[in-house]
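Descriptive structure summary
Each chain is listed here by its residues.
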Amino acid sequence: MRIFLDANILFSAAKSDGAVRLLLNLLRKAGHECCVDGYVAEEARRNLAVKAPDGLAVLETLLARMRLQDTQHADRALEATLPLPEKDRPVLAAAIRHGCAALVTGDRSHFGALYGRTIRGVRIHSPRSLAEELLE
């Protein structure tokens, strides 16, 4: 399965050797393809540079094992149909454009109401729900 990762997932996996990094490693070992685009990769880099600069090298190692897509120009028509705040729409739009079956995000405040829902072929997951669905 192709899974799109939000920037907060990249940040968490790079910041500490905890549950999110373990999840990404288990997904890869199980044959799933983790995908990101330049938009979320750059957001993760910016946040790490400010909050946890030691994680930048780890992030680059993680990104080297993922499918890194170019950032595409905004698709305003698509983004306007997505039930998210404007700043979060590019994340779900990228998952849709790149043909991902799932989007994993820890952003409960903006994506939480969408957890478990499928929008334009992309099922929205928290890290826990993704692990429960794919790894148990």
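Counting of residues starts from 1 at the beginning of each chain's written sequence and follows it residue by residue. The predicted origin of the model limits local features to residues at a pLDDT of at least 70 and limits the giving and counting of side-chain atom pairs to 80 or more, whereas totals for whole chains, interfaces and linings rest on all residues. Excluded from the side-chain calculation are hydrogens and water; included are all heavy atoms of the structure.

**Re the overall build of the protein chain**
Runs of E in the DSSP output that reach at least two residues are strands. Runs of H or I that reach at least four are helices, and both are numbered from the N terminus. On a plain count of helices and strands, the protein chain comes out with eight helices and six strands. Secondary structure elements of the protein chain occur, N-terminal to C-terminal, as β-α-α-β-α-α-β-α-α-β-α-β-β-α. A principal-axis box enclosing the C-alpha atoms of the protein chain has dimensions of 40 × 35 × 25 Å. Categorising residues by exposure relies on relative accessible area from a 1.4 Å probe, with only protein chains included: less than 20% of the type maximum marks a residue as buried, more than 50% marks it as exposed, and the intermediate range marks it as partly exposed. Split into buried and exposed, the 136 residues of the protein chain put 43% on the buried side. Two residues form a contact once any of their heavy atoms are found within 4.5 Å. Once local pairs closer than 6 in sequence are excluded, the contacts in the protein chain between residues at least 24 apart make up 63%. Carbon and sulfur atoms make up 49% of the accessible area of the protein chain, which amounts to about 6,900 Å² in all. In this description, accessible areas are obtained by the Shrake-Rupley approach with a 1.4 Å probe, and a residue is regarded as covered only by the protein chains that are shown.

**Brief notes about the sheet that holds strand S3 (residues 67-69)**
Pairing between two strands requires that DSSP report at least two bridges joining them. Ordered by their spatial adjacency, six strands build an open sheet running S3-S2-S1-S4-S6-S5, and the pairing between neighbours is mixed. At either end of the open sheet lies a strand with only one pairing partner, and these are S3 and strand S5 (118-119). Here S5 runs beside strand S6 (residues 122-125); their pairing, made up of two bridges, is antiparallel. Note that in S6 the partner of Ile 119 across the bridge is Val 122.

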